[in-house]
Each structure stands twice: as C-alpha cells, then as structure tokens.
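Summary of the model geometry
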Amino acid sequence: MTVSLPAVPSATRQQPLFNTVLVANRGEIACRVIRTLRALGIRSVAVYSDADAGARHVREADTAVRIGPAAAAESYLKVEAIIQACRDTGAEAVHPGYGFLSENVDFARALEAAGITFIGPGVESLNVMGDKIRSKNHVAGYGVPVVPGIAEPGLTDTQLIGAAPAVGFPLLIKPSAGGGGKGMHIVERAADLPATLETARRVAASAFGDDTLFLERLVRMPRHIEVQILADNHGNVIHLGERECSLQRRHQKVIEEAPSPLLESLHDGGATRARIGEAACQAARSVHYSGAGTVEFLVSDEAPDEFFFMEMNTRLQVEHPVTEMVTGVDLVEWQVRIAAGEELTVRQADVELSGHAVEARVYAEIPERNFMPSTGTVLLLDEMPDQAAGTIRVDSALLEGLEISSSYDPMISKVIAWGPDRTVALDTLDAALAGYTALGIDTNVEYLRLLINDDDVRAGHLDTGLIERKMPDFAFRRIDDAELVAAALCAVVSGEQDSTVTPSGPWQASNGWRIGEPAPRRISLGTPDGGIATVSVTGQVAAGPVQVRVGEGPWRRASLRFFRRDRAEVTLDGEATEYSLAPVSGGPGGPGPGNPASGGPAELFLGNGGWSCRLEVLTRESRLVRVLASIHLEEGTADPEVRSPMPGTVVSVAVSNGDTVEAGQVLLSVEAMKMEHQLVAEVAGTVHISVRAGQPVKAAQVLATIHPSLTDSDADSLQDSNNTGKGA
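What this report covers is the structure whose coordinates are included nearby. Quick caveat: nothing in here was measured; it's all calculated off a predicted structure.

1. Some remarks on the pairing of strand S13 (residues 291–300)
Most of S13 sits inside the fold, with 10 of its 10 residues counted as buried. Inspection of the sheet shows strand S10 (residues 222–231) paired to S13 by 10 bridges, in the antiparallel sense. Within S13, the position partnered with Ile229 by the bridge is Gly293. Sheet analysis places S13 next to strand S14 (residues 307–313), joined by six bridges and oriented antiparallel. Opposite Leu298, over in S14, you have Phe308 as the bridge partner.

Now the structure itself:
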C-alpha cells in the first residue's frame, strides 16, 4: 500500500518563498495544506474556534491561534480575527483552503491592505467569478458556451417568476454568490416556483450573505465535468485535465474521478478534452487568473461533444487529490509558489494523465434518514487498514476522542485510490472503504461501497440524478444475529474478566448458578430503532464455545476470540465474522448487580466491512424505559411531538401558535452542519410552537406539539362516555 503525496515536478525558485503561512480553515483541508507547507520548510499557523481546540489541524501546525467561539460567523468567517492572528504570528501569507473565506473578495482586499499575501487569485478574478450571474455573462463574451437562462443582478421573485416560462421547465434556481452546490433547487412546475424561491433566498442569505438568485434551464441527464487549471502572474495558463463529478446528492459531490469515463469512452476523447480544457483556460485568461482554479461544465450524456460553462471555483477543490494522483502535480505547492511570484515551469505539453484515480467523500451522516448529518465522538479509528492493497491516500481530520460538532460541514475525510485503469481504481477504493473504521459516529461508508459497486457506476454510465434514482433500491445492512451474539458475548466476557469480588455465596453470584445446572444468562440489547433483543448465554465465554439463543430461537454454538482489545472474531454455527469493537463504559449509571452483564460495557459499537452499528447493553431500568416507550408508541401511532433531529438553529417558523395544521405540513426549519432540515407535523391538529427563529436548539428538543384533532368516531366515543357518566 502506498500512502504519500505524488511527486512534484521541480520548480526553479526565482525568489524566496514565505517563512510563515497561516491556514485560514479547519478539518481535513487544513491538515492537507499544513502537510505541504511542512514539506516546503514553511512554518504553519493554524486557527481554531472553541469547538476545534483539540482538532487535528491544531495539533499538526507549528503554532495555533484561537479566533473565537464555535459559530463560524464569529471565528472562521471573522476577517479581523484572521488578520490579527497573522499579525500576532508574523504570517506573511494566508492559504484559505476551500469554503469559509476562500472566495471572499472583501477578505482578499483586507489582506492586501494589511500587506499580507492571499494565496489565491486576485481581486478581479474573485469579483467576476464570485458572482455567478456576472461570471456567466462575462465568459460568454469570450466564446465560452453557457447554459440558457436568465442571469441579471437584482431580480425580484416576481421578475424571476415572470421570466421562468421563457427559460422553460424544469429549471434550476441558483444563488449568485453560491458554490459547492449549496442553495440550488430544482423546480419541475410553475406552481412550485414561488415557495421554492422563498426557501432558496433564505438559504442563500444564510450561507453566503447574499440572496441574489438566477435561473437556468435544467439539462436532463447531465454530467458534471470540471477542468483543473493553473495560472501564474507571468501570463502562463495550463489545464491538468478533467475530473468527473457526476455522482452527487443535493448538488453535493460524493464520488469524483479523473479522468472522466465519458471522455475516455469517446473515439475522439482526446480532442474533446483539448477543447474543454482550452475553454477553461480561456475563462481563466478572461479575468487574468492566478493560482489554482476549477472551471465547471455541464455535459449532456446524449451529446457529449457539447459542454456548457456553469461556474468557476476560484480556489482549491475538495476533489483536487484525484488530479494530483493522475498528474503527479502537488496543487497546493504550486498555489504557494505562484503566490510567491514564481513562474510555472510545467507547460501544457508536460501534462500527462497516468492511470485513473477515484475519491470518495466520507461524511458523518445517516444515508437512510435522508442523509441527515450526525454528531458523536470518534471512539476507534483506523483509516488505513493494513490489509488494504494498492495506491491509497486518505485526507482526514479525524482523531480518536475527537467530537464531531454540528457547527460545521459533516464531511470528515476523503479516501482516494489510484489504479492503472478505472476498474482497478474502483476495486482498490472498495477494498479501502471495506477496511475503513470510525466507530462512535455514523458515516456514509457503507453507502459509498454500495454506490461504487452499482452496475451503472461500474460501467461509467453516470449523471447527476443517478443517486436519487438508485437510492431506493440500495439494500442497507441490518443488525443480524451475528452482531447481537457478538455484543452479548463481549458484554458477558467483560463481566467475567472484571469480576474481582468473590461472591459470599451462590445467591450473590451472577453466573446463573442454581440447583441442577446454571441458568442461562440473559443479555438485553437496545437496538437503534428503539427495540429490544435478548440473547441467552450458557457456559463461560472466556473458557471456549458456549451455547447462545437469540430471542426464542434455537440454541446455537458460538465462540469469541480477541485478536487485540479492539478487534475480535465471533463464530456462530461455524461461520466466523471479524469485528472492530469500541465498548463504552456506563460509569455510575451503567450496568450493576441487577444486570447479568454486570461490570461490562453500557454500549458497544461494532464495525465490519465499512458498516457499523451501536447496541446498548440494557440494565433492568433502561430495559423498562424501552418497554414503556414501545407501549406508548405502538406501531402506526404518530408522534404529536416534533423534535429537533440534532443540535442546530431554528431558521424559520412557518406557522403560528394555535394554527390548525395537516399531517405532513412543514412547521419549521432547523439548520445544522450547513444544511436546512424541514420538520413536519406527523398528525393533524392544533399546533403549539415552543421556539422562535434564530434560537439554538439541542438534539431531541421538543420544538412543537400537535394537539390532535378529534375525528367523528372520537367525538362519538367522548359523547357516549359523557352520557354513561350521568347519574353514576
């Protein structure tokens, strides 16, 4: 297994590089930039919010500066705090990474005024390309093809609604100041446009501080192909080939690869690559671009020789590693060198694409719950398993013990694989994901494996709507008897090993002793859906095979063998499965003498093949709580309480106290991890709202309560009850 950045063509240094560079970002991209700065012998400065005080990028930098509380607006987006950190540390330049201030023209101006170099393009480029309306109109004047639509500054909702029929449905609403797919909305029918415009403006204002919108014709079955460019301050502009980013959800890229399988499949793919590459270079030249940038195009699968400019990202892209893997060019190094005034020594004729690279973005989220972001603490981490083979790279921000906050984007790492061809690259990525372990948090790793092994994906038949079409048919793994037995045996063996007090008699023993033969030990496990599973165990787990029974099922032979503290093999009826393990102690409130697994874990995280689950080892008390909850929430019964799915902020409230609402009606929206979650009424009735717009909320906090409407049968029953009660 190879784990390294690609080799970088040597550059002739014409003037000294920087002594100190501040990285104005967080997470995996901050770690990535710091790595190259270290290789160049440049002192690195990290900045961090209170939520990131123990983050990996803070540990890896040469020095770090606190810039504010968790909220991005008060820390990573606070220009004056970044500039003050530069002054305090003597930083001569700032690398913005991506997101946050990376495309903020006011930030670039402020750095320029302070005499600090911005490692990125100039103000002109940021001004033009940072405005999606202006950039589209601008590049069209330089012969770059654009998607039909209406893109004028300052258009009101009424004007956009009036212009929509000429654009044609379905159409796409896009924020002018946006990027990364955030705030984009598809509208299929004219009737849906007013409400969607309202949501789009709110999201754009919150995410980008600018609610300007424009409309574009939606290209059916589109493929997203982007071109990486490098430009210096000496008039040199080159492209480093294309990346295909068609596998997206909510307009957010999930899988990226280089080169594009579409262009590779064309008989004149090289000619199309040259044309789209030259269009990207022309867009860069039109704004006197400097540094690394990406020009994004829409390409119709039906007419792959046609392409349309979407936007230019004036920064490093999340998916830049796949370009580095196939070209051998360190893009971050060239960003630094160009910002320091050096001339590009790589010419267009020098650029060769070698093999194929694929990147998978790992998110802290739950795909089955509409990709809802998740939080938690990383208990066990192994991102580069020893059994993985091939050329693999992992860009990550994770550490064991790191708490995943709801304050930031849920992307936590990227796994990149290279191979001599696309099939080998995908196989290598699949093997790497199968061994990827991050217990304690929910991730999308299982979903990534399902996606890259889909027949259409393997065949290169991609488009931006593929995930939405395929998702309902993906078969996600469920907790099976093997996981239940594994958790029960781990709980029992922990109790056996931790039992240091010899009972005073058989009545105090917890090993199932009774006259005749020992009674089975019954371990109650809480499943993620709120259910209860019971596993009965006879025998001593540490001594060898035991008999187990799940629920009222048959007795079966099982054994547990530890390879190390966090890895074990469970054999059930002769079939062995290896798991990563992360037990969590219950502390003072955990298992006690009343629990058959006394001394064992309160909960256990299991991981296997990129999939993971959490099982709670129930005490009598916690089991009773689950039993009572299941009685109150029988199957098919809707919950009148509307709770926040995670910590976040209420961004809008669509109803007022006392309003009558219908089941399925949107009540309010909560923003968390840069995503807006609409919460709906599960029952019809009268609503009581407990929060207001702008209010922070906790996970599971009750935000609204519905007092159900009485049905005719309910009213009749109530009347009968009242009549019966008379004269009693």
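2. Observations regarding the pairing of S10
Counting buried positions along S10 gives 10 out of 10 residues, so the element sits mostly inside the fold. Both S10 and strand S11 (residues 237–249) contribute to a ladder of six bridges, which runs antiparallel. Residue pairing in the sheet places Ile225 in a bridge with Glu244 of S11. Hairpin connection, S10 to S11: the antiparallel pair is bridged by five residues, and Gly235 has positive phi, about 90°.

3. What about the environment of Val394?
Among the secondary structure elements, Val394 is positioned in strand S20 (residues 391–396). A C-alpha to C-alpha distance of 7.5 Å links Val394 and Met384, two positions 10 residues apart in sequence.

4. Topic: helix H13 (residues 422–434)
Taking 1.5 Å of rise per residue, 13 residues should cover 18 Å, and H13 covers 18 Å from first to last C-alpha, within 8% of that figure. Among all positions in H13, only Arg422, Ala425, Leu426, Thr428, Leu429, Asp430, Ala432 and Leu433 are buried. Here H13 starts with a cap whose side-chain oxygen sits 3.2 Å from the backbone nitrogen of Thr423, and that cap is Asp421.

5. Quick notes on the environment of Pro528
Counting through the fold element by element, Pro528 comes out in the loop between strand S24 (521–526) and strand S25 (532–538). With 88 residues separating them in the primary sequence, Pro528 and Glu616 have C-alpha atoms 8.4 Å apart. For Pro528, the contacting residues outside a window of four places in its chain are Ile479 and Arg614.

6. Focus: the sheet that holds strand S6 (residues 149–150)
Taken in spatial order, the four strands of this open sheet run S6-S9-S7-S8, and their pairing is antiparallel. Edge positions in the open sheet fall to S6 and strand S8 (185–187), since each of these has one partner strand only.

7. Overview of the packing of aromatic side chains
Evaluation of the coordinates by the stated rule reveals six aromatic pairs. An angle of 80° between the planes, with centres 5.7 Å apart, marks the rings of Tyr76 and Tyr408 as edge-to-face. Of this pair, Tyr76 sits in the loop between strand S3 (63–68) and helix H3 (79–89) while Tyr408 sits in the loop between strand S21 (403–404) and strand S22 (411–419), placing them 332 residues apart in sequence. In this pair, the class of Tyr76 matches that of Tyr408, namely buried. A ring pair is formed by Phe297 and Phe307, whose centres lie 5.4 Å apart and whose planes are at 80°; its orientation type is edge-to-face. Here Phe307 lies in strand S14 and Phe297 lies in strand S13, a separation of 10 residues in the sequence. There is no split in this pair, since Phe297 and Phe307 are both buried. Here Arg249 stacks its cationic end above the ring of Tyr363, 5.0 Å away from the centre of that ring.

8. Concerning the sheet that holds strand S32 (residues 641–643)
Here four strands make up an open sheet; going across it, the order is S32-S39-S37-S34 and the pairing antiparallel. In the strand order of this sheet, the two ends are held by S32 and strand S34 (660–661), each with one partner. The pairing of S34 with strand S37 (residues 685–689) spans two bridges and is antiparallel. Paired with Val661 across the strands is Gly685, a residue of S37.

9. Considering the pattern of salt bridges
Pairs may arise between side chains of opposite charge once their charged atoms sit close together. Taken as a whole and assessed by the stated rule, the structure comprises 47 salt bridges. The partner of Asp330 in a salt bridge is Arg32, and the shortest N-O contact between them spans 2.9 Å. With Asp330 in the loop between helix H11 (320–327) and helix H12 (331–339) and Arg32 in helix H1 (residues 27–39), this residue pair connects regions lying 298 residues apart in the sequence. Residue Asp330 is classed as buried on the basis of its relative accessible area, which comes to 5%. Here Arg32 falls in the buried class, since its relative accessible area comes to 0%. Between Glu242 and Arg273 there is a salt bridge, with the nearest N and O atoms lying 2.6 Å from each other. In this pair, Glu242 sits in strand S11 while Arg273 sits in helix H10 (residues 269–285), placing the two residues 31 residues apart along the sequence. Both residues of the pair, Glu242 and Arg273, belong to the buried class. The network of salt bridges with shared partners includes Glu28, Arg32, Arg35, Glu324, Asp330, Arg393, Asp395 and Lys414.

10. Some details on the packing of H3 against helix H4 (residues 105–113)
How two helices pack is summed up by the angle between their axes together with the distance between the axes. Where H3 meets H4, the closest approach of the two axes is 10 Å, and the angle between their N-to-C directions is 30°. When the interaxial angle is binned, H3 and H4 end up roughly parallel. Relative to H4, the crossing made by H3 is right-handed. Across the interface between the two elements, Val79, Ile82 and Ile83 from H3 touch Phe107, Ala110 and Leu111 from H4.

Conventions used here
Residues numbered from 1 in each chain as written. Predicted model: local features only at pLDDT ≥ 70, side-chain atom pairs only at ≥ 80, totals over all residues. Heavy atoms only, no water. Buried < 20%, exposed > 50% of the residue type's maximum accessible area, 1.4 Å probe, protein only. Helix = DSSP H or I, 4+ residues; strand = E, 2+ residues; numbered from the N terminus. Pairing = 2+ DSSP bridges. Expected span 1.5 Å × (residues − 1). Polar contact = N/O pair within 3.5 Å; in protein donor to acceptor, adjacent residues only side chain to side chain. Contact = heavy atoms within 4.5 Å. Phe/Tyr/Trp six-rings, centres within 6.5 Å; stacked < 30°, edge-to-face > 60°. Lys NZ or Arg CZ within 6 Å of the ring centre and 35° of its normal. Salt bridge = Lys/Arg side-chain N within 4 Å of Asp/Glu carboxyl O. Axes fitted to C-alpha atoms, helices over the stretch in contact; angles between N-to-C directions. Parallel < 35°, antiparallel > 145°, perpendicular 65-115°, else oblique. Left-handed = near helix turned anticlockwise from the far one by under 90°.

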